[in-house]
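Survey of secondary and tertiary structure
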Amino acid sequence: MKNFLFYTLISLVFIISISSVNAQKNNSHDKIKKILYFNPEVEPDVEEIKEPTNHAFFSAVSDNISTFRKNRMLRTEVQISYDSIDTKTISEYCKNNDADFVIVPKVKYFKVGLGKYVFSNQVIVSMKLFDAEGNFVTSSDYDTYRKNMRLLGSAENSIKIGTNGAIKSIIKQLRKLKPSAEAGF
């Protein structure tokens with residue numbers, strides 16, 4: 001009788017531990033979401049400003065993504081045209097990189113003055129969010145001049161502020177669309 005109770009107790013503990021492990025594995029909304037970022041389209045198309053713009057943009061994205069533990073940033077060195085996005089291409093990139101979402105960004109510098117290469121430090125950061133099937137989810141624009149009334153400061157800092165503002169706007173729009181499932185984006 002003593003052995004029977006002992007084996008029953010051991011098997012009960014084993015069954016409870018197995019069921020709790022399965023419950024943890026099946027919790028899908030705690031899954032880490034992978035977000036694929038393309039290089040931003042830079043307007044005007046000047047080669048000298050593309051690399052610093054990419055560096056400032058991805059620095060701001062990695063700082064912002066690090067605050068959300070459920071997200072992981074994936075980066076591709078490909079630039080896609082912001083205005084003409086092919087959903088088949090987006091879904092192929094998601095499939096090949098095992099990504100849940102794709103963000104296609106654009107950074108537009110304000111042109112000031114009469115010269116060809118005279119820019120201000122003000123930017124408009126635009127982003128479009130797509131799901132893994134290539135379906136458009138939402139978009140966001142952040143104008144650093146209109147939102148912050150920044151007149152002084154570096155262009156790198158303006159890109160970081162614009163990127164943070166655009167990401168926050170996308171998260172706010174996602175919360176409106178799906179308040180429980182996508183709130184943590």
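Definitions and cut-offs
Every residue gets a number counted from 1 within its own chain, in the order that chain's sequence is written. Only residues with pLDDT of at least 70 get local features here, since the model is predicted, and only at 80 or more are side-chain atom pairs given and counted; chain-wide, interface and lining totals rely on the full set of residues. The side-chain values count all of the structure's non-hydrogen atoms but skip hydrogen atoms and water molecules. The helix count covers DSSP runs of H or I at least four residues long, the strand count covers runs of E at least two residues long, and both are numbered beginning at the N terminus. Helix span, as expected, comes to 1.5 Å for every residue beyond the first. Each residue is assigned to one of three classes by its accessible area relative to the maximum for its type, calculated with a 1.4 Å probe on protein chains only: buried under 20%, partly exposed between the two thresholds, exposed over 50%. Just to be clear on terms, a salt bridge is a Lys or Arg side-chain nitrogen sitting within 4 Å of an Asp or Glu carboxyl oxygen.

**Digging into helix H2 (residues 47-65)**
- Over its 19 residues, H2 extends 27 Å from the first C-alpha to the last, a length consistent with the 27 Å expected when each residue adds 1.5 Å.
- Listed in full, the buried residues belonging to H2 are Ile49, Lys50, Thr53, Asn54, Ala56, Phe57, Phe58, Ser59, Ala60, Val61, Asn64 and Ile65.

**Let's talk about unusual backbone geometry**
- Not every positive phi belongs to a glycine, and Asp98 is a case in point at roughly 55 degrees.
- Here Asp98 lies in the loop between helix H3 (87-97) and strand S4 (101-111).

**Details of the pattern of salt bridges**
- The final tally for this structure, using the stated rule, is seven salt bridges.
- Its salt-bridge partner being Lys106, residue Glu43 comes within 2.9 Å of it at the nearest N-O pair. One end of the pair, Glu43, is in strand S2 (residues 41-43); the other, Lys106, is in strand S4, with 63 residues separating them in the sequence.
- For Lys106, a relative accessible area of 11% puts it in the buried group.
- Across the pair Lys108 and Glu43 runs a salt bridge whose closest N-O atoms are separated by 3.9 Å. Residue Lys108 is found in strand S4, and its partner Glu43 is found in strand S2; the two are separated by 65 residues along the sequence.
- A residue is classified by how much of its surface remains accessible, and Lys108, at 36% relative accessible area, is partly exposed.
- Since its relative accessible area comes to 29%, Glu43 is described here as partly exposed.
- Within this structure, Glu43, Lys106 and Lys108 form a network of salt bridges that share partners.

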